[in-house]
Amino acid sequence: MILVADLETVATLVLEEADIQSRIAEMGDALTRDFYQRDPVFVVMLSGSVPFAADLLRCVKTTCEIDFMGLNRFGESGRVGVTLDTSTPLFDRHVVIVEDIVDTGLTLKVLRTMMLDRGAQSVSTVALLDKHRRRMADVPIEYRGFEVGDEFLVGYGLDWKGKFRNLRSLWAVLDLDLLEQQAGVMGRAVAG
Ligand code: 5GP
């Protein structure tokens, strides 16, 4: 007999849409204040940061440019491959990296170095989520939304096997095996 799991046994709500949006508005205000009339370039990390960037950058009330970058990280060596590069010249610009979540910090460390090597005048990071306890690389996060625990998170840009990025809220997966067997149980979360 196959038992049908319910949502609560597979995942638990970590952040509601309203909490995410009100924190994002605050972060947008801080970025507006710090980059007012400095023509920053926001470099949005694909794919997880897209929902966050779309909401955040509409709360930034100064002229800016937006570009995208895709990276693959290979294990814990800190080695990364570029899957999509920016097209905006970054020399002498104020670059703000937009990240969904910083975990070990290895990706962000490489990214900051890349931006500085391209001659950016300043590099800072805005990250919605910070798994601070898992940090391996010492990297600053100038603008941080929420500190979160060690759980595997999905929703609001974060995926499980490419799915659930479109959720408006953020969930922690309680049982990855159960999710594997019965991914459909997330339907209620997907429907919002
Ligand atoms: P780091 O180099 O900081 O270890 O890796 C950061 C990347 O790992 C994030 O951009 C994200 O793609 C992925 N990541 C870290 N924690 C989570 C998580 O809880 N859920 C998901 N879906 N991805 C995560």
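That block above? That's the structure.
A short tour of the structure in this document, coming up. (Residues numbered from 1 in each chain as written. Predicted model: local features only at pLDDT ≥ 70, side-chain atom pairs only at ≥ 80, totals over all residues. Heavy atoms only, no water.)

### Quick word on the overall build of the protein chain
Part 1: The secondary structure content of the protein chain amounts to 6 helices and 9 strands.
Part 2: Here the C-alpha atoms of the protein chain give a radius of gyration of 17 Å, agreeing with the 16 Å that 2.2 N^0.38 yields for 192 residues.
Part 3: Expressed as lengths along the three principal axes of its C-alpha atoms, the size of the protein chain is roughly 65 × 35 × 30 Å.
Part 4: Scored against the burial criterion, the 192 residues of the protein chain give a buried share of 48%.
Part 5: Look at the contacts in the protein chain between residues 6 or more apart in sequence, and 65% of them connect residues 24 or more apart.
Part 6: Entry remark: accessible area of the protein chain is about 9,900 Å², with carbon and sulfur atoms responsible for 51%.
Part 7: For the protein chain, the distance from the average position of its 21 positive side-chain charges to the average position of its 29 negative side-chain charges is 2 Å. (Helix = DSSP H or I, 4+ residues; strand = E, 2+ residues; numbered from the N terminus. Rg over C-alpha atoms; globule rule 2.2 N^0.38 Å. Buried < 20%, exposed > 50% of the residue type's maximum accessible area, 1.4 Å probe, protein only. Contact = heavy atoms within 4.5 Å. Areas by Shrake-Rupley, 256 points an atom, 1.4 Å probe, with all protein chains shown as cover. Lys, Arg positive; Asp, Glu negative; His and termini not counted. Charge placed at Lys NZ, Arg CZ, Asp CG, Glu CD.)

### Here we look at the environment of Ala 172
Part 1: Mapped onto the fold, Ala 172 is located in strand S9 (residues 170-173).
Part 2: The sequence separation of Ala 172 and Thr 12 amounts to 160 residues, and the corresponding C-alpha distance is 5.3 Å.
Part 3: When residues no more than four places from it in sequence are discounted, the contact partners of Ala 172 are Val 10, Ala 11, Thr 12, Val 14, Glu 151, Phe 152 and Leu 153.

### Remarks on the side chain of His 94
Part 1: You can see His 94 is positioned in strand S5 (residues 94-102).
Part 2: The class for His 94 is buried, based on a relative accessible area of 9%.
Part 3: Here Gln 121 takes part through its side chain, which lies 3.4 Å from a polar atom of the side chain of His 94.
Part 4: Once residues within four sequence positions are removed from consideration, His 94 is found in contact with Phe 35, Arg 38, Pro 40, Val 41, Gln 121 and Ser 122. (Polar contact = N/O pair within 3.5 Å; in protein donor to acceptor, adjacent residues only side chain to side chain.)

### Re helix H2 (residues 17-35)
Part 1: Helix length check: H2 (19 residues) gives 26 Å between terminal C-alpha atoms against 27 Å at 1.5 Å per residue, within 8%.
Part 2: Taken together, the buried positions of H2 are Ile 20, Ile 24, Met 27, Gly 28, Ala 30, Leu 31, Thr 32 and Phe 35. (Expected span 1.5 Å × (residues − 1).)

### Re the nonpolar core
Part 1: Within the largest apolar cluster, 28 residues are counted, with the highest numbers of intra-cluster contacts made by Leu 31, Phe 52, Leu 56, Val 126, Leu 128, Leu 129 and Leu 153.
Part 2: Those elements that place two or more of their residues in this core are H2, strand S2 (41-46), helix H3 (50-57), S5, strand S6 (122-130), strand S7 (143-147) and S9.
Part 3: Looking at this core element by element, the count peaks at 6 residues for H2.
Part 4: Val 43, Met 45, Leu 71 and Ile 97 belong to the second largest nonpolar core, which has 18 residues in total. (Core = buried A, V, L, I, M, F, W, Y, C linked by side-chain atoms within 4.5 Å.)

### A look at the packing of aromatic side chains
Part 1: According to the stated counting rule, one finds 2 aromatic pairs in the structure shown.
Part 2: Between the aromatic rings of Phe 35 and Tyr 143, the centroid separation amounts to 6.4 Å while the plane-to-plane angle is 55 degrees, which identifies the pairing as tilted. Here Phe 35 is found in helix H2, whereas its partner Tyr 143 is found in strand S7, with 108 residues between them in sequence. There is no split in this pair, since Phe 35 and Tyr 143 are both buried.
Part 3: Aromatic pair Trp 160 and Phe 164: ring centres 6.1 Å apart, planes at 15 degrees, arrangement stacked. (Phe/Tyr/Trp six-rings, centres within 6.5 Å; stacked < 30°, edge-to-face > 60°.)

### Here's the deal with the environment of Val 60
Part 1: With respect to the secondary-structure elements, Val 60 resides in the loop between H3 and strand S3 (65-74).
Part 2: Judged by its relative accessible area of 8%, Val 60 falls in the buried class.
Part 3: It is 35 Å that separates the C-alpha atoms of Val 60 and Leu 174, two residues lying 114 residues apart in sequence.
Part 4: Discounting residues that sit within four places of it in the chain, Val 60 has contacts with Gly 28, Leu 31, Thr 32 and Phe 42.

### Section: a nonpolar patch on the surface
Part 1: On the surface, a cluster of nonpolar side chains totalling about 380 Å² of accessible area is made up of Leu 46, Val 50, Ile 66, Phe 68 and Leu 84.
Part 2: Within the secondary structure, Leu 46 is located in strand S2. (Patch = residues over 30% accessible without salt bridge, like charges linked within 9 Å, V, L, I, M, F, W, Y side chains within 5 Å. Salt bridge = Lys/Arg side-chain N within 4 Å of Asp/Glu carboxyl O.)

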